[in-house]
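Listed below are the residues making up each chain.
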Amino acid sequence: MTPPLRYMPGASPLVLDSPHSGTAYPADFAHACAMPVLRRAEDTHVEKLYDFAPGMGVHWLEAFFPRSYLDVNRDTTEVDVSLFDSAWPDPVATDPKVLSKVRLGKGLIWRTTDDGTPIYARKLSVAEAQARIAQCWQPYHAALADAIDAAHARHGYSIHINCHSMPAIASSHATEFPGEAHADFVVGNRDETTSSAALGQLVCEHLRGLGYSVAYNHPYKGVELVRRHANPGAQRHSIQLEINRKLYMDEETLAISPGFEPLKISLRSLLERLLLTDPRLV
């Protein structure tokens, strides 16, 4: 059985995680849509973009399971109860803003792909959904918490970068802004609640200085992984970083493009800057 994740401890205050780049599709997924369609849900190759990070002393965490199977960037209450063949016994979120992704088919367990294609031709059992939480969600969040705790204990602060990619153009069921052309990067800290404003702006300005277009907290502000594991008042800073896939891959074939290596150089530059940054002094 494929392990659900890889965690490589580091010695620096910097923690990176890639929750959506997994490509190990579990045998019990039993999805109905075609694999090429389903694979477009992945943050494909993100783990390769940062493969140099552990060698820099950065704590590194990645999921091996696909986000369409279980999305660790959702809270366990963000459940689409219409997916199940019996009543869901655990708490379910009621806040309309929290549930916006669930309405789009993108809850804890996805109902549809980004273009609205149904993933299942069956009802899921409550037991299989709970098993996914136990086998994927809980270990991932525990590993991330351990990494941030270790970084913070050693240095007195931690900087967590939650690593993602995004399509060049927002799909119909991906965000609240379908059809929007994305910037090269989107830096999100939930409107400066999961990191200091100064650190968020530092990341933006560094990337702009490298010649990229950068959006700040739109259309992606950051979701559960930065919300749950951040506490900037206690010097635990978390930022979600979205990279436009057009910079490094063909979105149809998933093949790596010539832009891949230059992008890696830019990402190394960003990590080097963050390793030299004490957010208590910014």
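Everything numeric here is computed off the predicted structure, so don't read it as measured data.

**A word on the side chain of histidine 206**
(1) Moving on: Tracing the chain through its elements places histidine 206 in helix H5 (residues 197–209).
(2) Moving on: Apart from the residues lying within four places of it in its own chain, the contact partners of histidine 206 are Ser269, Leu270 and Arg273.

**A look at the environment of leucine 83**
(1) Moving on: You can see leucine 83 is positioned in the loop between strand E3 (59–63) and helix H3 (100–103).
(2) Moving on: We classify leucine 83 as buried; its relative accessible area is 6%.
(3) Moving on: With 39 residues separating them along the chain, leucine 83 and arginine 122 place their C-alpha atoms 8.3 Å apart.
(4) Moving on: Once you skip the residues sitting within four places of it in the chain, leucine 83 turns out to touch Ile109, Trp110, Arg111, Tyr120, Lys123 and Leu124.

**Let's talk about the packing of aromatic side chains**
(1) Moving on: Scanning the model with the defined rule gives seven aromatic pairs in all.
(2) Moving on: Connected via pairs of aromatic rings, a cluster forms that spans Tyr25, Phe29, Tyr69 and Tyr120.
(3) Moving on: Seen from the ring of tryptophan 110, lysine 106 lies directly overhead, with NZ or CZ sitting 4.9 Å from the centre.

**Things to note about empty space enclosed by the protein**
(1) Moving on: In the structure shown here, the tally under the stated rule is one cavity of 30 Å³ or more.
(2) Moving on: If you trace the largest cavity, you find it lined by Val79, Asp80, Leu83, Phe84, Trp88, Leu108, Ile109, Ala129 and Ile133.

**Concerning H5**
(1) Moving on: Counted at 1.5 Å a residue, the expected span for H5 with its 13 residues is 18 Å, and the 18 Å between its end C-alpha atoms agrees.
(2) Moving on: When we look at burial in H5, the residues that qualify are Leu199, Gly200, Leu202, Val203, Cys204, His206 and Leu207.
(3) Moving on: Tucked inside the fold, the buried residues of H5 contact strand E4 (158–166), strand E5 (185–188), strand E6 (214–216), strand E7 (236–244) and helix H7 (260–275).
(4) Moving on: Directly after H5, the chain includes glycine 211, whose backbone phi takes a positive value near 100 degrees.

**Comments concerning the pattern of salt bridges**
(1) Moving on: Following the criterion strictly, the structure yields 18 salt bridges and no others.
(2) Moving on: When the shortest N-O distance is used, the salt bridge between aspartate 75 and arginine 228 registers 2.5 Å. Residue aspartate 75 is located in the loop between E3 and H3, and its partner arginine 228 is located in helix H6 (residues 224–229); the two are separated by 153 residues in the primary sequence.
(3) Moving on: Judged by its relative accessible area of 36%, arginine 228 is partly exposed.
(4) Moving on: Through salt bridges with shared partners, a single ionic network connects Asp75, Glu224, Arg227 and Arg228.

**Some points on the packing of H5 against H7**
(1) Moving on: The geometry of H5 relative to H7 is characterised by a closest axis approach of 10 Å and an angle of 145 degrees between their N-to-C directions. Relative to H7, H5 is oriented so that their crossing is right-handed. Between H5 and H7, the residues in contact are Leu199, Leu202, Val203, His206 and Leu207 and Ser269, Leu270, Arg273 and Leu274, respectively.
(2) Moving on: Here the contact of H5 with H7 is built from residues that sort into six nonpolar, two polar and one charged.

**Some points on the pairing of E7**
(1) Moving on: Most of E7 sits inside the fold, with eight of its nine residues counted as buried.
(2) Moving on: Bridging between E4 and E7 involves nine bridges; their strand directions are parallel. Among the inter-strand pairings, serine 158 is bridged to a residue of E7, identified as arginine 236.
(3) Moving on: Alignment of E5 against E7, held across four bridges, turns out to be antiparallel. Opposite phenylalanine 185, over in E7, you have isoleucine 243 as the bridge partner.

**A look at the layout of surface pockets**
(1) Moving on: What the largest pocket holds in volume is close to 930 Å³.
(2) Moving on: Lining the largest pocket are 41 residues, with Arg74, Ser100, Lys101, Gly222 and Val223 sitting closest to its centre.
(3) Moving on: Broken down by secondary-structure element, the contributors of at least two residues to the lining of the largest pocket are H3, E4, H6 and E7.
(4) Moving on: The element best represented in the lining of the largest pocket is E4, accounting for three residues.

**Structural notes on helix H4 (residues 126–155)**
Side chains of residues three or four places apart in an α-helix project in the same direction, reflecting 3.6 residues per turn.
(1) Moving on: Between its first and last C-alpha atoms H4 spans 42 Å; for 30 residues at 1.5 Å apiece the expected length is 44 Å, and the two agree.
(2) Moving on: Considering bend angle alone, the principal kink of H4 is centred on isoleucine 133 and spans about 30 degrees.
(3) Moving on: Looking one or two places after H4, you find glycine 156, whose phi comes out positive at around 85 degrees.

**Describing the nonpolar core**
(1) Moving on: Formed by 36 residues in total, the largest nonpolar core has its most connected members in Leu16, Tyr50, Ile161, Phe185, Ile243 and Leu263.
(2) Moving on: Those elements that provide at least two residues to this core are strand E2 (14–18), helix H2 (46–49), E4, E5, H5, E7 and H7.
(3) Moving on: Excluding residues that lie within four positions of it along the chain, phenylalanine 185 makes contacts with Met166, Leu207, Tyr212, Ser213, Val214, Ala215, Leu241, Glu242, Ile243, Leu247, Leu263 and Leu267.
(4) Moving on: Within the second largest apolar cluster, 35 residues are counted, among which are Ala63, Phe65, Val126 and Ala143.

Cut-offs used in this document
Residues numbered from 1 in each chain as written. Predicted model: local features only at pLDDT ≥ 70, side-chain atom pairs only at ≥ 80, totals over all residues. Heavy atoms only, no water. Helix = DSSP H or I, 4+ residues; strand = E, 2+ residues; numbered from the N terminus. Contact = heavy atoms within 4.5 Å. Buried < 20%, exposed > 50% of the residue type's maximum accessible area, 1.4 Å probe, protein only. Phe/Tyr/Trp six-rings, centres within 6.5 Å; stacked < 30°, edge-to-face > 60°. Lys NZ or Arg CZ within 6 Å of the ring centre and 35° of its normal. 1 Å grid on protein atoms, 1.4 Å probe; cavity = no way out; pocket = protein on both sides within 12 Å on 5 of 7 lines; lining within 4 Å. Points joined across faces, edges and corners; volume = space filled by probe spheres on them. Expected span 1.5 Å × (residues − 1). Salt bridge = Lys/Arg side-chain N within 4 Å of Asp/Glu carboxyl O. Axes fitted to C-alpha atoms, helices over the stretch in contact; angles between N-to-C directions. Left-handed = near helix turned anticlockwise from the far one by under 90°. Nonpolar A, V, L, I, M, F, W, Y, C, P; charged D, E, K, R; others polar. Pairing = 2+ DSSP bridges. Bend = angle between axes of the 7 residues up to and from the residue. Core = buried A, V, L, I, M, F, W, Y, C linked by side-chain atoms within 4.5 Å.

Any functional reading would require information beyond the geometric quantities listed.
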